[in-house]
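Residues per chain are reported as follows:
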Number of protein chains: 2
Amino acid sequence: MPADLAYDDPSSDVLLDPATGVRRSILPGGVRLLTQRDRSVRSATIGLWLPVGSRDETPAHAGSTHVLEHLLFKGTRRRSAMDIAAAFDEVGGDSNAVTAKEHTLYYGRVRSSDLPMAVDVLTDMITASVLAEDALATEREVILEELAMAEDDPGDIGYETFLADVLGPDTPIGRPVGGTAGSVEALTIEDVRDHFAEHYRPDNLVVTAVGDLDHEELAGMLQAGLRRGGWELAADAVPERRPRAAHPGPASAGLLTAPADVASLTPHRLSRPTEQNHIYLGGHGLTALSEDRHALSVLMSILGGGMSSRLFQNIREERGLAYSVYSFSAGYRDAGLFGMYAACRPGRTTQVVELLAEELSRMGEQGIDELELARAKGQITGSFALGLEDTSSRMGRLGTIELVHGRYTSVDETLARIGAVGIGDVSALASRLASSFSTRVEVGPDS
Amino acid sequence: MPADLAYDDPSSDVLLDPATGVRRSILPGGVRLLTQRDRSVRSATIGLWLPVGSRDETPAHAGSTHVLEHLLFKGTRRRSAMDIAAAFDEVGGDSNAVTAKEHTLYYGRVRSSDLPMAVDVLTDMITASVLAEDALATEREVILEELAMAEDDPGDIGYETFLADVLGPDTPIGRPVGGTAGSVEALTIEDVRDHFAEHYRPDNLVVTAVGDLDHEELAGMLQAGLRRGGWELAADAVPERRPRAAHPGPASAGLLTAPADVASLTPHRLSRPTEQNHIYLGGHGLTALSEDRHALSVLMSILGGGMSSRLFQNIREERGLAYSVYSFSAGYRDAGLFGMYAACRPGRTTQVVELLAEELSRMGEQGIDELELARAKGQITGSFALGLEDTSSRMGRLGTIELVHGRYTSVDETLARIGAVGIGDVSALASRLASSFSTRVEVGPDS
């Protein structure tokens with residue numbers, strides 16, 4: 001099987017990776033199923049993914065994706081909210097859901113003997129939820145509490161503000177995932193039902209599962225569950241797939257031609273009477289499918305990815321200026337960002353901001369060295385290997401492969417690509433990111 | 001092997017559980033080593049435990065256990081802080097430490113081929129740290145940032161306050177684990193060195209490890225590492241062991257004879273300009289070794305342990321009054337506590353406090369039913385089984401077995417004890433806890 005097998009392959013059932021047993025089928029209705037059997041465990045993790053997130057909302061319906069995700073736990077034609085909750089609780093399983101900018105995920109982790117239950121409940125939720133008006137009234141209050149909780153976390157609120165500032169506060173991708181208190185209060189049950197009807201369809205559904213399971217059996221349970229909920233699964237349906245960008249480069253919107261001087265950037269300040277200032281500095285980065293994403297992983301590891309990283313050593317270990325300091329990045333279909341974070345008591349803010357900016361500039365001007373490159377590759381490779389011992393992380397990886405990449409990449413292939421990253425790749429990227437530095441957000445007391 | 005094998009067994013090397021391969025040795029110096037080999041993974045998690053925590057501090061040295069834990073990462077005679085950080089980073093491993101009220105833990109998770117490195121670095125840290133004065137000066141600032149971060153989290157600060165109020169704010173067990181800004185600022189390097197010299201000794205050390213490892217090889221690496229750091233490991237040394245309480249009952253200090261009326265309890269209020277009020281209600285509970293601890297697990301599951309629990313269903317699902325609501329408990333050698341938590345916007349505080357107290361009272365008066373009991377047992381059993389698929393949780397379980405229990409209990413035995421819990425046990429305990437209700441803490445805006 002070629003390593004870069006694209007999914008344009010018409011076959012409906014493919015063993016994508018004989019070495020690790022990853023298999024993909026297109027089921028009736030265009031439902032995509034990717035599994036990996038792992039005989040060393042007695043559990044399984046299953047995820048049901050819809051390629052719809054907050055970026056697919058209109059401003060008037062901001063937050064509807066997240067509200068719908070909550071309402072799917074509030075009851076189906078066959079199950080009350082208590083039935084759904086008790087089904088996973090009584091077997092000691094985990095079940096939850098995640099709404100993101102570009103997808104929504106419902107997942108469960110259970111002992112393998114409970115997998116039929118998990119499939120039955122999760123398929124019931126995504127096909128046959130009642131979406132009752134009184135349930136929305138109650139759940140809206142829960143979501144307003146969830147938004148209030150995020151508002152009380154200065155790190156959370158700083159990160160959301162940073163994302164909005166970099167990506168565009170009035171753009172679909174830049175808006176906060178949960179909407180705002182105002183937009184959530186304004187949502188009607190019809191808005192939520194419309195959202196459900198438009199996006200929750202067999203040809204949009206991707207199911208990924210890893211653990212002690214049988215692909216054929218799971219395919220059968222899935223189809224039975226979806227049909228029980230009223231979905232018609234036409235034999236000749238094909239998956240709906242978003243156009244796949246052809247090797248997109250760095251997002252150019254907002255890319256500066258000259259590096260911004262940190263001192264010249266007016267901080268976007270949110271005043272809070274907290275003990276610490278929470279600082280986010282960064283700008284546009286790489287899209288999810290950028291050819292440079294492996295160089296970005298290496299760069300992030302060296303800049304602020306661990307205890308031996310430049311930011312940690314310089315700001316925490318040598319100077320004692322912060323407890324938490326790191327770098328981060330996020331990639332979407334057509335946009336991306338990178339940033340650096342630190343929290344410190346107010347009198348140190350100016351110094352910490354300067355040190356963060358200096359580390360990025362220095363890396364942009366002077367690049368990295370062989371020792372740092374080797375250490376970063378070791379870190380990425382080792383943590384990748386450790387992460388793969390967990391069925392949940394592999395379930396997530398299969399979802400990303402299907403929804404984001406649209407092609408299969410084996411673990412060995414990913415590791416080879418990381419191994420191929422050179423000093424020049426990282427240094428060139430550092431230079432580009434240093435030039436794209438545009439945004440400074442601070443949440444905390446006025447100093 | 002009897003299920004209740006106590007560690008007074010004089011043998012220095014015992015296969016504690018032939019079914020799961022758990023093995024225990026007493027090494028020279030009185031070092032205790034417990035391992036479980038798991039051939040299904042290619043990684044290992046190792047933990048080095050010292051039975052010393054914040055409760056062993058004098059008031060003048062409050063925070064010294066935690067400060068020492070930080071300083072052990074700052075360099076040994078053979079390694080700089082950067083060497084320690086880079087050793088785990090460059091192989092993609094995790095390494096960290098935890099200071100608690102009754103123990104301190106240093107741990108690492110690595111691919112099994114990196115286990116010799118992990119043992120060498122961790123033994124170096126606990127035997128041969130420099131504990132330099134300038135390192136304390138820098139790290140003190142990091143710890144003050146860590147305390148400031150906790151201060152900014154209303155949930156954290158509420159929980160610490162609740163613990164102190166229940167256990168006694170001026171008692172060793174009730175004081176916060178990290179000390180206060182004042183006590184940390186006052187600590188000298190001599191205080192920290194004294195603490196190290198007193199407690200970091202071979203006969204205090206417990207090592208637990210789970211994964212792709214060999215017990216004999218690990219025992220050899222450990223001894224070599226400890227000797228390299230200068231520890232003498234006498235062949236005839238025996239482990240220092242704290243006296244084991246004989247089936248202690250519920251902590252009686254502060255136990256009320258009549259249930260406190262929630263309305264009559266003056267809340268301990270910490271005023272914060274947050275969106276939500278964070279509410280903690282509870283009182284004295286059970287010690288870690290209480291005979292009723294399995295009934296307590298069942299009770300906590302029913303009261304507020306999952307989405308189907310009474311608190312979640314009543315306060316979140318039916319009324320939409322909170323996003324986060326649950327119950328919790330903690331047990332120590334001679335004290336324990338239980339509590340209920342919810343966060344809500346200020347106008348709802350009174351109603352939420354009443355609902356929390358009512359659920360506990362109702363359970364105390366009316367007990368539980370068969371369906372709830374069965375569901376709770378299923379939840380505990382299932383989540384226990386799922387948790388055991390992870391080497392880190394098993395490493396932690398072996399540490400608890402050695403440090404807290406002082407006797408080996410197999411997984412089957414634990415499950416059998418949970419299975420033996422009856423409706424009467426849980427109902428009687430609920431009645432006792434409802435009578436012990438004594439403490440109400442609220443962090444948030446004045447309503």
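A few points on the structure. (Residues numbered from 1 in each chain as written. Chains lettered and ligands numbered in written order. Predicted model: local features only at pLDDT ≥ 70, side-chain atom pairs only at ≥ 80, totals over all residues.)

Another aspect to go through is the interface of chain B and chain A. Counting residues at the interface gives 53 residues for chain B and 53 residues for chain A. Those elements that provide at least two residues to the side of chain B that touches chain A are α2 (81–89), β6 (104–111), α4 (133–151), α10 (310–318), β11 (336–344) and α12 (370–387) of chain B. Residue classes in the side of chain B that touches chain A are distributed as 20 nonpolar, 17 polar and 16 charged. (Contact = placed C-beta atoms within 7 Å. Helix = DSSP H or I, 4+ residues; strand = E, 2+ residues; numbered from the N terminus. Nonpolar A, V, L, I, M, F, W, Y, C, P; charged D, E, K, R; others polar.)

Quick look at the sheet that holds strand β3 (residues 32–37) of chain A now. All names here are of chain A. Across the sheet, 7 strands lie side by side as β1-β2-β3-β7-β4-β6-β5; this open sheet has mixed pairing. Looking along the sheet, the strands with just one partner apiece sit at the ends: β1 (13–17) and β5 (94–99). If you compare each strand with its neighbour and ignore which way they point, the axes differ by 15° on average. Judged from the 4 bridges that link them, β1 and strand β2 (residues 22–26) form a sheet pairing that is antiparallel. Bridge pairing in β2 links Leu 15 to Arg 23. Where helix α1 (residues 64–71) meets the sheet, it contacts β5 and β6 (104–111), and its direction lies at approximately 165° from that of β5. (Pairing = 2+ DSSP bridges. Axes fitted to C-alpha atoms, helices over the stretch in contact; angles between N-to-C directions.)

The side chains of a regular strand alternate between both faces of the sheet. Residue and element names in this part refer to chain A. Of all 6 residues that make up β3, 5 are buried, and the element is covered over most of its length. Judged from the 5 bridges that link them, β2 and β3 form a sheet pairing that is antiparallel. Bridge pairing links Arg 24 to Leu 34 in β3. In the sheet, β3 pairs with strand β7 (residues 206–211) via 6 bridges, with the strands oriented parallel. By the bridge assignment, Thr 35 is partnered in β7 with Ala 209. (Buried ≥ 20, exposed ≤ 12 C-beta atoms within 10 Å, placed from the backbone.)

This part covers the environment of Gly 29 of chain A. Residue and element names in this part refer to chain A. Considering the arrangement of structural elements, one finds Gly 29 in the loop between β2 and β3. For Gly 29, a count of 24 C-beta atoms within 10 Å corresponds to the buried category. Along the backbone, Gly 29 and Asp 203 are 174 residues apart, and their C-alpha atoms lie at a distance of 5.8 Å. If we skip the residues at most four places from it in the chain, Gly 29 touches Pro 202, Asp 203, Leu 226, Trp 231, Leu 233, Ala 234 and Ala 237.

Before going further, it helps to spend a moment on unusual backbone geometry. Even without a glycine there, the phi angle at Leu 131 of chain A is positive, about 50°. Structurally, Leu 131 of chain A is set in the loop between α3 (115–128) and α4 (133–151).

Quick look at helix α3 (residues 115–128) of chain B now. Look at α3 of chain B: 19 Å from first C-alpha to last across 14 residues, which is about the 20 Å you get at 1.5 Å a residue. Buried residues belonging to α3 of chain B abut β4 (43–50), α2, β6 and α8 (215–228) of chain B. (Expected span 1.5 Å × (residues − 1).)

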